[in-house]
Every structure is written in structure tokens, then in C-alpha cells.
Amino acid sequence: MHALPDATRGRRVVRRGLAALAVLALVTSAAACSDDGGSGPARADVPGVTDTEILVGTHQPLTGPAAPGYSKIAKATEAYFNFVNAQGGVHGRQVKYKIMDDGYNPANTQQVVRQLVLQDRVFAILNGLGTPTHTGVLDFLKAQGVPDLFVASGSRNWNQPDKYPHTFGWQTDYTVESKIMATYIKNEHPGKKVCHFGQNDDFGADSLAGVEQILGANALAAKETYVPTNTNVAPQVGALKAAGCEVVVLATVPGFTALTLGTAARLAYRPQWVVSSVGGDYLTLSGRLGPEGTPLLEGLVSANYLPSVSQADDPWVQLFRKVNDEYNSGVEFDGNVMYGMAVGYTFVQVLQAAGRDLTRESLIEAVERGGFKGPGLTPFRYSPTDHSGYSGVRMVVTSNGVQTPVGPVYVTDDGDGPVTEYTEPPTTPPANGVPAP
Amino acid sequence: MERFVFLTFDGLSKGAVYAAFALALVLIWRGTRIVNFAQGAMAVVTAYVAYSVSAASGSYWAGFAAALLGGLLLGALIERGVMRFVEQAPHLNAVTVGLGLVLLLQGVLGMIYGNEYRPFAAPVGQEALTVGGMPLVSPFDLFVFGAVLAVMVLLALLFTRTATGLRMRAAAFAPEVSRLLGVDVNATLTLGWALAAAVGALAGMLVIPTGLGLHPTAMDLVFVTAFTAAVVGGLDSPAGAVVGGLAVGLVLSYVSGYFGSDVTPLAVLALLLVVLLVRPGGLFAGVRARRV
Amino acid sequence: MTLLRHLAVAAVAGVALFFATYQLDPFRNYQLATAAAYLCAVAGLTILVGQSGQLSLGHGALMAVGAYTVALLQNAYGTTGPWMLAVSLAAGALVTTLVGAVIGLAAARLRGPYLAGVTLAVAVTVPAIATTFDEVFNGDQGLPVYVDPPPAALGRFFPNERWQAWLALAAALVTMVLLANLVRSRFGRTLRAVRDDEVAASLAGISVARVQVLAFVVSAACAGLGGGLLAVLAFSVSPSAFSLTLSLFLILAIVAGGLGSLAGAVWGSLLLVLLPQVTESVTDQLTLSPAVAQRLQGNLPLAIFGLTLIVVMIATPGGLQGLIRRGARALARAARGLATSLNRRKVGT
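Everything numeric in this text was worked out from a predicted model, so none of it was measured. (Residues numbered from 1 in each chain as written. Chains lettered and ligands numbered in written order. Predicted model: local features only at pLDDT ≥ 70, side-chain atom pairs only at ≥ 80, totals over all residues.)

Looking only at helices and strands, chain C has 15 helices and two strands in total. Computed over its C-alpha atoms, the radius of gyration of chain C comes to 22 Å, within 12% of the 20 Å expected for a compact globule of 349 residues. Projecting the C-alpha coordinates of chain C onto the three principal axes gives extents of approximately 85 × 60 × 50 Å. Residues counted as buried form 57% of the 349 residues belonging to chain C. If you take every contact in chain C between residues at least 6 apart in sequence, the share linking residues at least 24 apart comes to 81%. (Helix = DSSP H or I, 4+ residues; strand = E, 2+ residues; numbered from the N terminus. Rg over C-alpha atoms; globule rule 2.2 N^0.38 Å. Buried ≥ 20, exposed ≤ 12 C-beta atoms within 10 Å, placed from the backbone. Contact = placed C-beta atoms within 7 Å.)

Below, the structure written as C-alpha cells:
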């Protein structure tokens, strides 16, 4: 092997040196760009909590195809926190909400949650959105001991107190909801052919399980599924029509609810739709369908565990509308905004209950003590052995462009417990809109 | 039987859109040997233009015209402003620039319009007309067939009957000789991109009303399917693009209808492999020179 | 001779990185580990595309194959012993190699965009397989991945992220040494010969199809290892983590880093991990009203990322490594010019 000429050798040395410098520059610049959130010296033992501030984080789909409308939730929660901060905060501390985008992609959720926990050192993760996205971070959050509150999904994964003692659900489980929807169908549409059309994951499967539990395992005339990556649902809707379905239970996200309704209209197929709360908010659907498609929503039946935004005289709706106008730039007040603020309200309740001496342990204990009231229609089920959240729903019907509640509030459980009416009077918010300490 | 007929028409209708989009890809490939990965994002930009113009003027057709004109402009702009620098570079650089463009365009659209899905109106009804009790095509499906057919005829006429078309074909086939003969090769490249972008814009206008709505990533899957269709047909052949598009549309429809919507990507891959194993240059590939 | 040199470089790099992991905080260690995992796949891909001339848009799907293999093995046998993780990762690479062989054989006759089309379809199909056979793969929700905690010998408070960084860096170093040897070897020369002129190479007696399939297989093994590592780092695997977007980002990484160059693969992997975060923190500095901020969040970093790529590709077609090469040449020339002028002065010309 002949020796290289000097010029080439020199070039190579210089090139390698430059390369090493470039790596150093890149890594240090990235390291220098790290965020230094939070004001005041951090308390040595409790991450995210200082004398003046509490920092919590969340992962949300702000971009990406799977979840439009959902992008409004976190901003609404933040608006409610700002409302509370303006009135002195919680035990003298301001609540800060760091919202990170994961685009509904579990790989991004991994990165983003690690950034929140390891770099931003948040006190807790609040309202992480999505079943596939959040399931992936359960083990990491458990290993790090981070409170994982009020996951934004109706899956039963968040209700595993022995396996994940720091993880809590918030909204009504899909199975609970579908049991109640099936009960409504049994009462209001007896003898009709019922079918189910759901997402090809736990959401659809849990919903189907609840329906079959009430109506019977072989009672459904057809069961179809869709995948969010395939927007052509005509074959499935065609199959539902061919089976002669008169009532169709939909376990669909808003985009696919609209798609299904539109496709059915094109096929001149108009069954009675009964839609999960996940994809049944009237304003969201109307926005998707546009002025021409909105008439398709007439008669649509859905469910809700929160007061409906159309009920102008409901005190919770009035309170959150006011907060929305003042702190959320007055964006359209729909089910997503209501949801975000309700989550914020519950979290502030928990913070108040945990006391001034705030630690991660005191937060978990406060949630498990339970007893929180409002804004939902049913009580929470929080206890040391139950981490699930709201326990039931109320059915809503769309008529003349308004989604109004119908019938009583029902509660039930995930298993084969009965569906019972909940007869306690509805709750009202405190006068200043902030939960009492 | 009824289901089969329904699936056939549904497949042909979607296939027509893939055919149009594949045509746009073939146009650019023939002219510059570049696969335009930004074709989908460009179609979304023009769709948003149509949306804004329709909302402001109240007329769908004003928006439609704006989309096509915008497509011409956008294609020319991107070719002159960005792709010109990578046309002589290795092909991968053009791919990378295209992908970078996709990110840039989607990000900018998201910043201007937000990430909500906006309903996108169709000019005619989407309810299927029934013949003897069987839902067949809808007026919108007929509109799609008509529009795509018109585009194909116009392009065919342009390329075979006009001097401009001849110049474009010459510039694509033998750029150096064409330059010597006085053809402004750069101008024909720009024109090619402009036309392709306009065709892509039309495809976008035809497909977005049938999906989840107008959104910065609305054309991503259409791009992948149309690229597959173009490859099946043979990237050098416009006729191949059309046949490929219709074939892919039909396959997707039948598979989704009879086997479930989650199996459809597998079916497309199988179709692709089967075609390419027999004819590695696509269905309509030209005869290759004999190897010694 | 070459092998020794490569091992020496790897040893030096390994020691330097070992000390670096003690200086970095847990989040940076996690990013380093992620970059190392990407590097395994990116290095293999840059060899395939740059040295063998075959464009693959589906390497994200190959990473998924490795990841799911590791997930299934770890969930079934993860607790059998400390060496089980190495076995799982090796198995992941092996299974991916087999899949790569199948694809490579099917695509052996295809060139340019036709190969790209097939690999694109593969990229879209593999995640769909997870959805179709959801009893095994649990569909869109994915599977958790069991991983042993760091060995007890390292101490109770040893941060998991540092252990992850060690695992990923070790795998990346091994991959880089093997690939560097490959590039320098006879096989590497054959690869480049086929890339540059197929007809001439086949006239010289090289079996073009065999070489191309082998290149595909090698890059598939690397992708499988990288995917397996990602599954281990994230404790989870799901179809959307290995979507078409990942395949396209891998292409971006190899081109922006410098096509065909292993050093370029390092830049590309770092870019994949750091650029999104850098753009996010830049946009975080701007204070805006909630409505505007909501629009910008997520979208501005995307736009900046895209713009950066376009500018880099137009200004430096050889990627970052090309830029460094040119810089080195310029510096060397400047140095020589300086030396010459000094000489002249000395001699008194």
C-alpha cells in the first residue's frame, strides 16, 4: 500500500478535525438550547413545584390527521388555569401547563413525555390524550413515579391500580357508555335490527362489548370496523345497509362519524344513529359536514357525561363560556372546550385537596380520597381500588340543530353490573368559579 | 351482484382520481426524470386557494378555476424557484427537496389555516342515482369521470397536435439536440411543471370532497396510491398512468368490500409485485434495448 | 490492516462516548441513545442507496420488523437472563434480514423509481399487517416491550437512560465497524462498480442481481437492529411509530448527512434527533397570543425543518459531509498557500 501524498494526508487530518469540531458544535448548541422553565428556586425534593408555581405537562395531538378538534382541549384547560391564577392560584401557587404535540404518534409521545419528565421536570402529567399514544408511556411514568392524572381516553387501561398506581382515568369508560346506549336502544327502539360500526382497536372493541352485554351476544345483525388510515368507508356502510340495520351504534372519532353519515346519505341509507360521546359532539360534527351536510345530524342520538354546551341556562356552561371569552380568545365553545375546562376544574379541585404541602404522594392520596363534585353529570369513582373516573352518561338527542339531553342520567360499571338511574340533583359551581380549598 | 356493481363503480370513481394524479407524476417524470414528491402537498395548497376563493365569492366554480390557475402558477414557481437547482444533481437530491417542500407547505398551510378539517363542498350531489333499485353512480362520480377524461384528451391533443407539445416531447427525449435546434428547454420544463401542477390541482379538487375534509395532510395517502398506480402503469407512459390508476382503484374497492379495509395495502403491494415481476418497467413499458 | 484501524477508531470513540454519558443529563442520554439507534439503520441505508445505487423508501418498515420481533421475544422470554436482550436484538436483525432477502429478490430486476415504488408500498403495507393480524400484534395500539432494568452491579440509582445509551452506542459502534470494513472490502468495490455501470460490471463477470440483493440484505439487517433498539428504548412498539414518514425521514437523513458516507450517516442521525427539538425551542422563545400560538405550535417547526432541508440540499448537494470535505480542502489549500508564502519569504525571493 503506497504512502499517501502529503496533500491528501493533510486534507484528511483537517477533514477529521473539522468533523470532530462540527459534532461538538452541534451537540453543545443543542444542549445550550434546552429550556429552563419555571421561576424561582425549585424545591429540592418535589419536581415542578416551587413556592410560587406548579408545572404540569401534557401530550396532545395538535397536528396530524387523527384528531382535529382535540387540539382545542389543552388550550381550554390552560385558559381555565389562567382564570384560576388570576384569582390567586391554588394555595398561592400559579398553575402552569406545558402542552406538547405528539401528532397522535406513539413514537413522538415517547420523546415528548421524556422531555417533560426528564428535562422540564414537570410535577405531573395531566390529560395525556390517546389510547395508543398513552399506553406506551405508562411504564416510563411508573418507573419515574410521576402522577399520571385524567388520561384523555375511555379505555380501561387507566384503571389498573395494582399495576399502575399513579395512573387515573377521568372520562366515562367506553363500555360503561355503550351499556347505557344499548339500554336506551332496548327501551326506545325495541325489536329493531341493531348493528355496530367501530374503530378497529380497544375503543371499538370496548364499545362492542358493552352493547353485546346488554342486548345479547348474538343480537347484532352486523358488526363492521374501520381503520383511521382508510377513509373510504363505503364498503362497510354498504354492508350495514345490505344487512338491513335500522339502528347503528357508532364507536367512531368525529372525522369518521361525519364520513359515515355522509357516505350513508350518498347510498340513500338513513338508519337511527347512536354515537359515542367521543365522536358525537354536534358542533364538531356540524363543522365537519358543513352547511349542506348538517341536516344529516337531525335525530342523531349521542351520550354525554358533561352538561351539553347548548344548555344556556346550565351554570357550568355559563361559567366556562365566561372563562372561554376572557381567557381563551373566545374560540367557538364546543364539546372539546367544555371537556378541557372540566378537566382543568377537576385538577384544581385535587390540588386544593392535596393542600399547601404539595408532594406527588399527597396529590395521589387526594385523588384516591375522591368525593369531588362537578362539573360532570355523575359522580367520580376514585378510590384506592378504582382509578376510572366518571361513572355514567346521559343520552342526548339532536333536534332542530340543538343537542338536548333526554331521559335520566344512568350509571353502571365495566362489568356485568346493572344500569341504574342516578337521581341526585345536578351540581353547581362555586360563586367565583374556583373550587374551594 | 348488486354489491359487485356498486364496488365497481366506486372503484372506478376513485381510480379516475388516482389516474389523474398519476398522470401529473408521469408528466414531470418524462420531462425531468424527477419523481415529484411534493405533488400532493401542491394539490392541497391549490385546494385551500379554491376554498378561500369559494368562501369569498360564494361560487364553487370560481374556486375551481382559481385552483387550476393557482396550480399553473405554483408549478411554474416551484420549478423556477426550487427544483431548477437540483435538476442536474443526483436524483435523490430532488427527492429530498420534494420532501422538504412537503414539510414546508404543510407547515405553512397549518399556520395560515389551522389544523382543523374543513368541509369541502362538491359542485354536484354525491347521492347515488339508482337504476332498478341499485345505487350506481352519483352525479359527482360522473363529474369526476368527465373531468379526468377531458384532461386526458386535452393533454393528448397538446402533446401530439401542437408545436408546443412537440417541443416539450423533444426537450424531454433529447435536451441537447433540442437546444441546438432552438428549443428553449428551460421554458418547456417550466411549462411541464405548470401543467402537471394544474392536473394535480384538479385531482385534489376531485378527491378531497370524498374524504375526511380539507386538511394540510389530506393528499398524503392519495400521493402514495397514485405513485403506485403510475409505477404499475409504467412511469414513461401516460396511458399506463390511466390504466394503472383505474386498476388500483378497482383493486382497493373490491378488497375493501370483500375482505375488509385493513387488508387493502397488502392487496396494492401484491398487485405491484405481480405486475413488476412480469414487466419490471410497468405494464406499458417501452421495449428495452437488447443486452449483449 | 483496515480492520485494526477501524477497531482503533471505534475504541477511541467508544471511550469518549462512555465519558460523555456521565456528563450528560438523562434526557440528553436518551437523545444520544435514540440517535445511536437511528444510526444503525441510517448507516445501512446510506450504503444501500449511496454505494449500491438502490433507492429504498421502505426502510422504516424493515425497522418495524426488527422492532416487533424484539417486542414479541422480550415479552415472552425477557426475564430468562441478562443476555436475553442481546439474543432478542440479534433475532430481530436476523428476521429482518430474511424479510429483506425476500424483498430484495422480488425487486432485483427493478431499477430507480420502480424499486422506489415497491419499497414505498412495503412501507405502507407493513404497518397494515400489524392492524390485520391484531391478535398477535395488537393493531394500532401496539405492544409494550419488557426490558430488564440496568444490572444491579451498577448501583441502585444508576439512571436508566445512561444504560440505554450504552446499549445503543455499543450496537451502533459494532455496526459502523462492520460497515466500514464492508465499504473498504472487495464487496464494497463490487457494489460501487455495479452502481456506476451495470453493463460493464456484468461484462467483468459480476453477478449484478446477487450483489444488489446482498446489499439489500445487509442494509435490512442494520435496519432491523436499529428498529429493535428503538423498541427497547421506548418500551413500546406500534405501527404509527414506523410509518411512511419514518422511511422518508431516513432518506432525508442520509441525503442531508452526505450520501454514501458513513460519517454522513452520523450527521443524518443527529439531525433526525436534534433538528426538531432545536426548531421547537426556537419557536418557544416567541411569545404570542393563544390563538396565534396554537396555530404556530407544531407547524412552525415543521416549516423550518422543511426549509432547512431545501436550503441544505440546494446549497450543499453533498450534504453535511460534503460541506465538511469542501471546508477541509479549502483550509488545506489556505494552509499550503501560507506555507508557500512563508517559504518564499525565508528564501528571500
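Don't stop here, the text continues.
We now examine the overall build of chain B. Each helix and strand counted, chain B has 11 helices and two strands in total. Secondary structure elements of chain B occur, N-terminal to C-terminal, as α-α-α-α-β-β-α-α-α-α-α-α-α. Taken over C-alpha atoms, the radius of gyration comes to 19 Å for chain B, in line with the 19 Å a tight globule of 292 residues would show. In terms of overall dimensions, chain B has C-alpha extents of about 65 × 55 × 35 Å along its principal axes. Counting every position in chain B, which comprises 292 residues, the buried fraction comes to 57%. At a minimum sequence separation of 6, the contacts of chain B that also span at least 24 residues come to 70%.

With 28 residues of chain A at the contact, the number on the chain B side is 26 residues. Of all the secondary-structure elements, those providing two or more residues to the side of chain A that touches chain B are helix 8 (234–242), helix 9 (254–266) and helix 10 (282–293) of chain A. Here the side of chain A that touches chain B is composed, by residue class, of 13 nonpolar, 12 polar and three charged. (Nonpolar A, V, L, I, M, F, W, Y, C, P; charged D, E, K, R; others polar.)

As a further point, take the sheet that holds strand 3 (residues 124–126) of chain A. All names here are of chain A. Within the open sheet, the five strands sit side by side as 2-1-3-4-5. Their pairing is parallel. Each edge of the sheet is formed by a strand with only one pairing partner; in this case those strands are strand 2 (94–101) and strand 5 (167–169). Along the sheet, successive strands turn relative to each other by an average axial angle of 25°, direction set aside. Sheet analysis places strand 1 (residues 53–60) next to strand 2, joined by eight bridges and oriented parallel. Note on strand 2: the bridge partner recorded for T58 is I99. (Pairing = 2+ DSSP bridges. Axes fitted to C-alpha atoms, helices over the stretch in contact; angles between N-to-C directions.)

On to unusual backbone geometry, then. Unusually for a residue other than glycine, R121(A) sits at a positive phi of about 55°. Along the chain, R121(A) turns up in the loop between helix 3 (106–119) and strand 3. Given 18 C-beta atoms within a 10 Å radius, R121(A) is considered partly exposed. Backbone geometry at R33(B) places phi at a positive 60°, although glycine is not the residue there. Mapped onto the elements, R33(B) comes out in the loop between helix 1 (2–32) and helix 2 (39–57). A residue is classified by how many C-beta atoms lie within 10 Å of it, and R33(B), with 14 of them, is partly exposed.

What follows concerns the interface of chain C and chain B. At the interface, 40 residues of chain C touch 40 residues of chain B. For the side of chain C that touches chain B, the leading source of residues is helix 5 (residues 112–132) of chain C, giving 14 residues. Considering only residue class, the side of chain C that touches chain B consists of 32 nonpolar, six polar and two charged.

The subject of this paragraph is the packing of helix 1 (residues 2–23) of chain C against helix 7 (residues 160–184) of chain C. Residue and element names in this part refer to chain C. The geometry of helix 1 relative to helix 7 is characterised by a closest axis approach of 10 Å and an angle of 160° between their N-to-C directions. Taken as axis vectors, helix 1 and helix 7 run roughly antiparallel relative to one another. The chirality of how helix 1 crosses helix 7 is right-handed. Residue-level inspection shows T2, L3, H6, L7, A10, A13, G14, L17 and T21 of helix 1 in contact with helix 7, the latter providing R162, A165, W166, L169, L173, M176, V177, A180, N181 and R184. The residue makeup of the contact of helix 1 with helix 7, split by class, is 12 nonpolar, five polar and two charged. (Parallel < 35°, antiparallel > 145°, perpendicular 65-115°, else oblique. Left-handed = near helix turned anticlockwise from the far one by under 90°.)

The next subject is helix 5 (residues 139–161) of chain B. All names here are of chain B. The terminal C-alpha atoms of helix 5 lie 32 Å apart, and with 23 residues this matches the ideal 33 Å at 1.5 Å per residue to within 8%. Of all the residues in helix 5, the buried ones are F140, D141, V144 and V148. Contacts made by the buried residues of helix 5 are with helix 1 and helix 8 (185–207). (Expected span 1.5 Å × (residues − 1).)

So, on to the pairing of strand 11 (residues 392–399) of chain A. All names here are of chain A. With six of its eight residues buried, strand 11 lies for the most part within the structure. Two strands pair when backbone bridges link them, and strand 11 and strand 12 (residues 402–411) are joined in this way by eight bridges, in the antiparallel orientation. Bridged to V397 within strand 12 is T404.

So, about helix 2 (residues 26–51) of chain C. Residues and elements named next belong to chain C. Its 26 residues give helix 2 an end-to-end C-alpha distance of 36 Å, which sits within 8% of 38 Å, the value for a rise of 1.5 Å per residue. Burial of helix 2 is extensive: 25 of the 26 residues sit out of reach of the surface. Among the residues trailing helix 2, G53 stands out with phi positive, at a value near 75°.

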